[in-house]
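For reference, the chains in residue letters:
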Amino acid sequence: VKDRKKMIKCLKGYARSSLLHRDAYLAVLRMVDVMDDTVLLNKTLLAELHRNPDAEKDDAGDEVGREDQDSPILDLVQSDTGHKLFLLLLVSKNAKSTDNKSKKSSPKWMKYLDPYEVAVLHRSPTVEENGEPVPTSKKEDETRRSELLVYVRDLLSEVCTKHAQTMMRNKYGSKVLLEVCENCPSEELFAAVVTACKQNDGNADDSLAMYEDPVGHLALKNLFLNECERDVDDDEPSIARLFFAEFKEDMQAIATTNRGAFVLSALAKTGVGADVKKALKAHKKSISELAKGKKGMKKLAGCAVLLDSI
């Protein structure tokens, strides 16, 4: 325990740079994974992430105009290494994920990490006492994760709400946004996501609607599929309801694009499925033609899947 505290104190002031380093990020992930003193972890590592390194400061050293600045963790959630800290805190080690093809179930957190990272984080450190292995960490994994998540929950909700457009189009940011929407759902967050679907962000792919974006359409589809897995009451936030209300008049346009059709096939499985089917009823013929590649058109796999859903 003393050695761990010494190591964690050595990382103070270097949390951000470590998370962006190709190797050092593993040290941060391991500390978060095994260290019981969550208060110390927050003071030495997580607290640093609340400060924007590019922010302007007043004479007292406090940030000014934060509401007009980027979130202090925007660079981290879009990083191939930094985003994994937040996934580790958001995803319970008890949660399971089922592969659509093999139908095999495995710990959900493992699907976000590569085999080497899993090997590093999967081992529970032990010491020998009277010839028996004794864990060096006394806290349950779920207890530790829940305590640490409290320190960054608002920060994660802020970055997803403030930068929904950017995150949905980013390979790594979209994974974080997906888990934040599942673990910290709110009307404000879902409204930001739906608004992002109506906007372009000035990037190279800004001519593509979100439902046609290579990364964005997957994020949107998975948001709907995640909602299918839990019962959402009428008084609870629902991204499916908000999306349908906003795009009700655009159902045909979305359905006649390959990626958009995949998105709608997922939306059709949610609580607004009946409304989606009703809105697309008059367009089944055109969807069918696209699915089969009639009249010289290219076959669209998404339309075939959508056709089966409606």
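Since the structure is predicted, the reported quantities are computational estimates derived from the model, not experimental observations. (Residues numbered from 1 in each chain as written. Predicted model: local features only at pLDDT ≥ 70, side-chain atom pairs only at ≥ 80, totals over all residues. Heavy atoms only, no water.)

## Points about the state of the cysteines
- Taken as a whole and assessed by the stated rule, the structure comprises zero disulfides.
- With no disulfide partner, Cys 228 has as its closest neighbouring cysteine sulfur the one in Cys 181, 14 Å distant.
- A disulfide-free cysteine, Cys 303 has its sulfur positioned 19 Å from the sulfur of Cys 197, the nearest such atom.
- The class of Cys 303 is buried, set by a relative accessible area of 0%. (Disulfide = S-S within 2.5 Å. Buried < 20%, exposed > 50% of the residue type's maximum accessible area, 1.4 Å probe, protein only.)

## So, the packing of aromatic side chains
- Tallied over the entire structure, the rule returns two aromatic pairs.
- Their ring planes at 65° and their centres at 5.3 Å tell us that Phe 224 and Phe 243 sit as a pair that is edge-to-face. Separated by 19 residues along the polypeptide, Phe 224 in helix α12 (residues 216-228) and Phe 243 in helix α13 (residues 239-247) bring together distant segments of the chain. The exposure classification of Phe 224 matches that of Phe 243, with both residues buried.
- Consider the rings of Phe 243 and Phe 247, whose centres lie 4.4 Å apart with planes at 20°: the pair is stacked. In this pair, Phe 243 and Phe 247 are both assigned in helix α13, four residues apart and thus about one turn of the helix distant. Considered together, Phe 243 and Phe 247 belong to a single accessibility category, that of buried residues. (Phe/Tyr/Trp six-rings, centres within 6.5 Å; stacked < 30°, edge-to-face > 60°. Helix = DSSP H or I, 4+ residues; strand = E, 2+ residues; numbered from the N terminus.)

## Quick word on the pattern of salt bridges
- By the definition in use, this model includes 15 salt bridges.
- For Asp 33, the salt bridge goes to Lys 93, with nearest N and O atoms at 2.8 Å. Of this pair, Asp 33 sits in helix α3 (residues 25-34) while Lys 93 sits in the loop between α6 (83-90) and β1 (96-98), and the two are 60 residues apart along the sequence.
- For Glu 142, the salt bridge identified is with Arg 145, shortest N-O distance 2.6 Å. Placement of both Glu 142 and Arg 145 in helix α8 (residues 141-162) is noted, with a separation of three residues, approximately one turn of the helix.
- The exposure class of Arg 145 is buried, given its relative accessible area of 12%.
- Salt bridges here are not isolated pairs; linked through shared partners, they connect Arg 30, Asp 33 and Lys 93. (Salt bridge = Lys/Arg side-chain N within 4 Å of Asp/Glu carboxyl O.)

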